[in-house]
Structure formats: C-alpha cells, structure tokens
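Here are the chains, one letter per residue:
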Amino acid sequence: MTVPQNLFSTAQALPGALASMGSAPVIRQLRHLVDNGLADLPQPGTGRTLERWQALSLVASHDLSLARLYESHTDALAILRELGSEQRIPGAVWAMWAAESPGRRLEAVDRGAAGVVLSGSKASCVGALGASHALITAWLPGQQPQLMAVELDHPSVGIHTNDWHAVGMADTGSADVTFQNTPATLLGSPGDFMRRCGYWHGGAGVAACWHGGVRSVAHVLFAAVQQCPPTHPLHAMRAAALGRVDVVLSSTAAVLRDCAAWIDAHPGDAAMVVALRARRAVESGARRVLEETGRVLEGTAFNRNAFFARLAADLPAFMRHSQGDRDEMTLAGALLAQEVPPPWAL
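## A closer look at the pairing of strand β3 (residues 116–125)
1) Next: Strand direction decides the pairing type here: strand β2 (residues 107–110) and β3, joined by four bridges, are antiparallel. Each bridged residue has a counterpart across the sheet, and for V109 the counterpart in β3 is V117.
2) Next: Counting the residues in the hairpin turn of β2 and β3 gives five residues, including G112, whose phi is positive at 65 degrees.
3) Next: Both β3 and strand β7 (residues 175–187) contribute to a ladder of eight bridges, which runs antiparallel. Paired with S119 across the bridge in β7 is Q180.

Spelled out as structure tokens, the structure:
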C-alpha cells in the first residue's frame, strides 16, 4: 500500500517498509520501494538534504546492495529534475552509469530528425539486470561527455554477465551492457553532468550510504559487548573498541549533518570541498570501524554471523567509489586556491 507522502516523510516510513520485505531478492525490494513512493526523495539543496540522506542511510543499514541500487535510482531522479527533463515515467526503475572504463567509450551519433543513437559498451553497470531505464554518459564527436537517457528494454541493448564475478555487492545485478544504434534522449548540454551543482550533492549522498552500512557493523559490536558479561576476559577489550567506534561514528555523523546543512544554505554554490570532506571522513571512519570490530570479535563475527560477514564483504566494495589519495589531493588543491586557511575554529 502506498504511503501518503503528505503524512509521513520517507525516512519515517522506510523502517517499516524495509522490515516487511524480509529476504526478497534485492531488485524486488527496490521495485517495492519505487511502487510505494519511497524512492522519490527530496531534491538536494531544497532544505531537506538531511532527510534525503537519512533515507539513503536507512536503506544501507538494511542491505548495502539494495542501497547501491536505491542510491542510483534516486540520484537519477534528482539529475532529471536538475537538468529540466520531463521524463517522469511512472514505475520506472532508473540506473545511473557515468563511469568511463579504459578502452570502452560509448559513442553517440546525432541523426537530426531521426534522433540520437548510441553504440559501444559500458562495463560493470550496477542494476543492469533489474533497471528499466538508465542515465548514461556518451560522447558526441568532438564534445565533452554528454548525459543521455535510454530505455533498457530496447532490442538493441545487450546485458552480459559473464565477466561479473563479484563477492562484495554481489546482489546488485551488475553486468556489462552493449548498445548498437540504441535510441537515446539528450539531457542538457555536453559537460553539464559534471558542471551542475548536484554532481557533488550526489557524491556526498553516497557517503550517507556508507555511513548507514557501517552503523550496522557497529550495531553488531554493540550487541556483542552487551551480551558479554563484565567478568568475561573479553569484555574490557570489546568495550574499549565500542568506545572508539562510538567516537568515530558520532564524528562522521556530525560531518554529514554539517555538509547537508551547508548544501541547503548554498544550493547554487559548488559543494566540492564539503562533499569531499564528508566522503573522506566517512570512508576513513568506516574502515576503522570495520577493523576494530573484526579484530575484537575475531572469527566469531565472520564465521557465525551471516549479516556481519556480508557487510564485511559489501562495504569495502561499495567504498571503491572513493578515489582515495586523488580525492584528498583535489580537496587540498581547492583549499589552497582559497589562499587563506579554512575556518577550522570552533
């Protein structure tokens, strides 16, 4: 049953919806959220960015593969709005494929009145086995990458799973996708995809997913400490780890809240600095929480807790979105360009 959006925020309605889906296949869970109005989130920068990220985080706490598909779908809807598209297709499940792989360039040809067609391939397209539509970057001759929309049920689209052997994020329905003169709709102008303010809004939103996943890791540790009697030899070590994890997660949650508030206060400004700061803080915090939890719980969590074992495989794979040192160098370059130290004071 559809949740009336005027009565409840999506973040309020999601926990019940997620709990009701049990262990259904991930794509079926995404379809359930889409059909019940729980995947059309507030647009970033409109005063409800934190609410948007709370929804992403909640889905990630439930299942990281589902969160990967959910984030892609919700990001696609935000991009469509931002670029002024009228493509509001009821029931559509969107994927967002912008990564460029070496040796694979999706070429576009504008045939005038006959429209634009795509030929080539995209590698490791998340959600390819379940999405109905995709936003995708392709190249018109002599232009920057151009964002386009395609219908994935067109007969010229091929889905190939032979080279997908993932363990982490294995349930995302990912595959290589080929196009052969596939009709496409242009969105914006060449280069608009990366120039728009929402590019960094979406990048920070991914960090909200990472935070939701690592929160679930911390909950496993919390339960283990809670169930370990104070007199047990392992209690002190586990309790100390829990204290360290609390400091990390409280800090990264604060960074995300500050980032969301900044975006809402400056919706038309470039959010690269605050987005990179949030992404790097959440990623480094998540890696520390995974290490702390895995170390103090030893083989018990990995071998006897299926939920934790899956998290431990899925979260690092999800965080491969990060570009590590390159992101930190980009952040440093932006700070130095300001010519004065950032306002680090309280």
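## Some remarks on unusual backbone geometry
1) Next: Look at S124: it is not a glycine, yet its phi comes out positive at around 50 degrees.
2) Next: Within the secondary structure, S124 is located in strand β3.

## With respect to the nonpolar core
1) Next: Ranked by size, the top nonpolar core spans 84 residues in total, and within it L33, W53, Y70, W97, L118, M148 and F179 carry the most contacts.
2) Next: Here the element with the most residues in this core is helix α6 (residues 198–227); it accounts for 13 residues.
3) Next: Setting aside residues up to four positions removed in sequence, F179 forms contacts with W97, L106, L118, S119, G120, I136, V150, S156 and V157.
4) Next: Within the second largest apolar cluster, twelve residues are counted, among which are A92, M96, L135 and L187.

## Focus: helix α4 (residues 64–82)
1) Next: If you check α4, its first and last C-alpha atoms are 26 Å apart, about what 19 residues at 1.5 Å a residue would give, namely 27 Å.
2) Next: Backbone geometry just downstream of α4 places G84 in the positive-phi region, at approximately 75 degrees.

## Section: the packing of helix α1 (residues 10–20) against helix α3 (residues 49–62)
1) Next: At their nearest, the axes of α1 and α3 sit 9 Å apart, and the two run at 15 degrees to each other. Comparing their axes, α3 and α1 come out roughly parallel. Note that α1 runs across α3; the crossing there is right-handed. Two secondary-structure elements touch here, α1 through T10, A11, L14, P15 and L18 and α3 through E51, Q54, A55, L58, V59 and H62.
2) Next: Looking at the contact of α1 with α3 residue by residue, the class counts come to seven nonpolar, three polar and one charged.

## Concerning the layout of surface pockets
A water-sized probe rolled over the atoms picks out the places where empty space is left.
1) Next: Taken as a whole, the largest pocket holds about 1500 Å³ of empty space.
2) Next: Lining of the largest pocket is provided by 47 residues; of these, A98, A99, Y199, H321 and Q323 occupy positions nearest its centre.
3) Next: Here the lining of the largest pocket takes six residues from α6, the largest share from any one element.
4) Next: The class makeup of the residues in the lining of the largest pocket is 21 nonpolar, 16 polar and ten charged.
5) Next: Looking at the second largest pocket, its volume works out to about 490 Å³.
6) Next: Around the second largest pocket, the lining comprises 14 residues; the ones closest to its centre are W262, V273, V274, R277 and P343.
7) Next: Elements that contribute at least two residues to the lining of the second largest pocket include exactly α7 (235–265) and α8 (272–304).
8) Next: For the lining of the second largest pocket, the residue count by class is eleven nonpolar, one polar and two charged.

## A short note on the environment of L315
1) Next: Examined against the element boundaries, L315 turns out to sit in helix α9 (residues 306–318).
2) Next: Owing to a relative accessible area of 0%, L315 belongs among the buried residues under this scheme.
3) Next: Separated by 19 residues in the primary sequence, L315 and V296 place their C-alpha atoms 18 Å from one another.
4) Next: Apart from the residues lying within four places of it in its own chain, the contact partners of L315 are L64, W210, G213, V214, A286 and L290.

## Concerning the packing of aromatic side chains
To describe a pair of aromatic rings, you give the distance between the ring centres and the angle between the ring planes.
1) Next: Applying the stated criterion across every chain, the model contains three aromatic pairs.
2) Next: With centroids separated by 5.3 Å and ring planes inclined at 90 degrees, the aromatic side chains of Y199 and W200 adopt a geometry described as edge-to-face.
3) Next: Each member of the aromatic cluster is reached from another via a ring pair, and the members are F193, Y199 and W200.
4) Next: The side chain of R105 reaches across the aromatic face of W139, ending 3.6 Å from its centre.

## Here we look at empty space enclosed by the protein
1) Next: Under the counting rule described, the total for this entry stands at one cavity of 30 Å³ or more.
2) Next: Considering only enclosed or pocket space, the largest cavity measures out at about 50 Å³ in volume.
3) Next: Lining the largest cavity are I27, L30, L69, S72, V93, W94, A95, V126, G127, G130 and A131.
4) Next: Sorting the residues of the lining of the largest cavity by element identifies α2 (26–35), α4 and β1 (94–97) as the ones contributing at least two each.

## Side note on α1
1) Next: Among all positions in α1, only T10, A11, A13, L14, A17 and L18 are buried. Seen along its axis, α1 keeps its buried residues to an arc of 145 degrees; they face one direction. Exposed residues on α1 whose side chains face more than 90 degrees from its buried face are Q12, A19 and S20.
2) Next: In this structure, the buried residues of α1 make contact with α2, α3 and α4.

## Concerning the packing of α3 against α7
1) Next: The geometry of α3 relative to α7 is characterised by a closest axis approach of 8 Å and an angle of 140 degrees between their N-to-C directions. Classified by the angle their axes make, α3 and α7 are oblique. Between α3 and α7, the contacting residues are T49, L50 and W53 on the first element and L256, R257, C259, A260, I263 and D264 on the second.
2) Next: A class-by-class count of the residues in the contact of α3 with α7 yields six nonpolar, one polar and two charged.

Procedures and definitions
Residues numbered from 1 in each chain as written. Predicted model: local features only at pLDDT ≥ 70, side-chain atom pairs only at ≥ 80, totals over all residues. Heavy atoms only, no water. Pairing = 2+ DSSP bridges. Helix = DSSP H or I, 4+ residues; strand = E, 2+ residues; numbered from the N terminus. Core = buried A, V, L, I, M, F, W, Y, C linked by side-chain atoms within 4.5 Å. Buried < 20%, exposed > 50% of the residue type's maximum accessible area, 1.4 Å probe, protein only. Contact = heavy atoms within 4.5 Å. Expected span 1.5 Å × (residues − 1). Axes fitted to C-alpha atoms, helices over the stretch in contact; angles between N-to-C directions. Parallel < 35°, antiparallel > 145°, perpendicular 65-115°, else oblique. Left-handed = near helix turned anticlockwise from the far one by under 90°. Nonpolar A, V, L, I, M, F, W, Y, C, P; charged D, E, K, R; others polar. 1 Å grid on protein atoms, 1.4 Å probe; cavity = no way out; pocket = protein on both sides within 12 Å on 5 of 7 lines; lining within 4 Å. Points joined across faces, edges and corners; volume = space filled by probe spheres on them. Phe/Tyr/Trp six-rings, centres within 6.5 Å; stacked < 30°, edge-to-face > 60°. Lys NZ or Arg CZ within 6 Å of the ring centre and 35° of its normal. Arc of directions from axis to C-beta.

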